[in-house]
Amino acid sequence: MRRWLPGLLLVTPSIILIAVFVYGLLGWNFKLAMTDKHDEIPEIAGKFVGLENFTGIWSQERWTISVRHSIVFTVVFVLGALALGWFLAFLMEKGMRGESGFRAVYLFPMAISFIATGVVWRWLMNSGTGEHAVGLNRLFHYLGLDFLQWQWFRDPDWGMAAMAVPAIWQMSGYVMALFLAGFRGVPEDLREAARVDGCTEWGVYRHVVLPLLRPVTLSALIILGHISLKVFDLVVAVSGKQIITDVPATFMWTAVFDSHDPAKGATIASYIVLSVVIFVVPYLVWNARRGNR
């Protein structure tokens, strides 16, 4: 008891708080999503309807649009942040001058909230063109590259891809730090052995370094994936609650606070939680199995 009781007493308050305010509220949310409480009248508790809300929401066009937007945003954001972060880490790993200064600059966006990032990038991605252009479109106009001017997040087809640009700018520095730590963790003896065996420099990275970076890549993928699936503040700061950039989180906000439909909002929140679980649980299982080897 002397060994485990002090530790248990130390973590017990955290366990209770997590049980109540995380898992308890998640359970309450799922319970609300399985009722017909579609108004905020406190006297009406709502009857149990099972999975009716979960299946019925797919018949709503706005829900399917928001899911499609979320998928586009997730793919562009995750792949873009991984590619840019890997490239920056590769440059740092090759020993460029002023590495410490560049590393700090690349990490600066991490200190900014998504709200502040969205406010700045809302101006940078202004859809005005020609003489009325501002932000990036204005820069393209000055450089004589008018063909690069774009509607950005107001584009009806690829607006969500443009919405991912600020997120890539903010999170690529963090991904760079992860990959740089991974690069520096590869023993130099393995690289030298590969070179002695006749590997080119690209072959060393392809056959030695990159395989050893799989855990880092998976960790970055999980982190970026769950951020993208529940993105809300960046979208609202850039474009507001518009259908053209609607995602499940903004749809949930509208359902609860504009349409006053708690059951629908809880249903959308449940889908967001489940989508995050799909990303996180396989990683936890894989990490636990690797730790038991």
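Everything below is about the structure printed above this text.
All of the points below concern the structure found in this document. (Residues numbered from 1 in each chain as written. Predicted model: local features only at pLDDT ≥ 70, side-chain atom pairs only at ≥ 80, totals over all residues. Heavy atoms only, no water.)

Some points on the overall build of the protein chain
The test is simple: Secondary structure is summarised from DSSP: a helix means a run of H or I of at least four residues, a strand means a run of E of at least two, and numbering begins at the N terminus for each. Think of it in three bands: with a 1.4 Å probe and only protein chains considered, a residue is buried below 20% of the maximum accessible area for its type, exposed above 50%, and partly exposed in between.
When its secondary structure is counted, the protein chain shows 13 helices and zero strands. Order of helices (α) and strands (β) in the protein chain, N terminus to C terminus: α-α-α-α-α-α-α-α-α-α-α-α-α. Along the first, second and third principal axes, the C-alpha atoms of the protein chain reach 75 × 75 × 30 Å. Classification of the 293 residues of the protein chain by burial places 37% in the buried group.

With respect to the environment of Phe77
Short version of the rule: Residues count as neighbours in contact if any of their non-hydrogen atoms are within 4.5 Å of one another.
Note that Phe77 resides in helix α3 (residues 61-93). Taking C-alpha positions, Phe77 is 8.8 Å from Met163, a pair spaced 86 residues apart along the chain. Setting aside its immediate chain neighbours within four residues, Phe77 contacts Ala164, Ala167, Ile168, Met171, Leu224, Ile227 and Ser228.

A few points about the packing of aromatic side chains
Cut-off, in case you're wondering: Planes of paired rings set the category: under 30 degrees apart is stacked, over 60 is edge-to-face and the rest tilted, where pairs are Phe, Tyr or Trp rings (Trp by its six-membered ring) whose centres lie within 6.5 Å.
Under the definition given, this model contains 14 aromatic pairs. The interplanar angle of 65 degrees and the centroid separation of 6.0 Å between the aromatic rings of Trp86 and Phe183 together place this pair among those described as edge-to-face. Separated by 97 residues along the polypeptide, Trp86 in helix α3 and Phe183 in helix α7 (residues 159-184) bring together distant segments of the chain. Under the relative-accessibility criterion, Trp86 is labelled partly exposed at 23%. Here Phe183 falls in the buried class, since its relative accessible area comes to 1%. Plain terms: the ring middles of Trp253 and Phe257 are 4.4 Å apart, the flat faces sit at 40 degrees to each other, and that makes the pair tilted. Of the two residues, Trp253 and Phe257 are both situated in helix α12 (residues 248-258); the distance of four residues between them amounts to about one turn of the helix. A network of ring pairs unites the aromatic residues Phe54, Trp58, Trp63, Phe251 and Tyr271 as a single cluster.

Examining helix α6 (residues 135-142)
Within α6, burial applies to Gly135, Asn137 and Phe140. Looking at the buried residues of α6, the elements they touch are α5 (114-124). Of the residues one or two after α6, Gly144 is the one with positive phi, at around 75 degrees.

Points about the pattern of salt bridges
The condition is simple: When a carboxyl oxygen of Asp or Glu lies within 4 Å of a side-chain nitrogen of Lys or Arg, that pair is called a salt bridge.
Applying the stated criterion to the full structure yields five salt bridges. Residue Glu192 pairs with Arg195 through a salt bridge whose shortest N-O separation is 3.1 Å. Remark: Arg195 and Glu192 occur in helix α8 (residues 188-196); sequence separation between them is three residues, near one turn of the helix. The partner of Asp258 in a salt bridge is Lys241, and the shortest N-O contact between them spans 3.1 Å. In this pair, Asp258 sits in helix α12 while Lys241 sits in the loop between α11 (233-239) and α12, placing the two residues 17 residues apart along the sequence. Classification of Asp258 by relative accessible area gives partly exposed; the value is 40%. Within this structure, Glu188, Glu192 and Arg195 form a network of salt bridges that share partners.

Things to note about the nonpolar core
Note the cut-off: Residues belong to a common nonpolar core when they are buried Ala, Val, Leu, Ile, Met, Phe, Trp, Tyr or Cys residues joined through side-chain atoms within 4.5 Å.
Ranked by size, the top nonpolar core spans 43 residues in total, and within it Phe73, Phe77, Phe179 and Leu224 carry the most contacts. Of all the secondary-structure elements, those providing two or more residues to this core are α3, α5, α7, α9 (201-212), α10 (214-229) and α11. Top element by residues in this core is α7. It accounts for 12 residues. Ignoring anything within four residues of it in the chain, the contact list for Leu224 reads Phe77, Val78, Ala81, Leu82, Met171 and Val175. Core analysis: the next-biggest nonpolar cluster, separate from the first, contains 13 residues, Leu32, Val67, Ala249 and Ala255 among them.

Topic: the packing of α5 against α7
Threshold: Between N-to-C directions, angles span 0 to 180 degrees; the directions come from axes that are lines fitted to C-alpha atoms, helices contributing only their stretch in contact. An angle below 35 degrees is treated as roughly parallel, one above 145 as roughly antiparallel, one from 65 to 115 as roughly perpendicular, and anything else as oblique. The crossing is said to be left-handed when, going from far helix to near helix, the turn is anticlockwise and less than a right angle, and right-handed when the turn is clockwise. Gly is put with the polar residues, along with every residue not named as nonpolar or charged; the nonpolar set is Ala, Val, Leu, Ile, Met, Phe, Trp, Tyr, Cys and Pro, and the charged set is Asp, Glu, Lys and Arg.
Following both chains from N to C, one finds α5 and α7 inclined at 130 degrees, their axes separated by 10 Å at the closest point. When the axes of α5 and α7 are compared, the pair comes out oblique. Considering how the two elements wind past one another, α5 and α7 form a crossing that is right-handed. For the pair formed by α5 and α7, the contact residues are Phe114, Thr117 and Trp121 on the first element and Val165, Pro166, Ala167, Trp169, Gln170 and Met171 on the second. Tallied by class, residues from the contact of α5 with α7 come to seven nonpolar, two polar and no charged.

Honestly, that's just the spatial picture; any functional story needs more than this.
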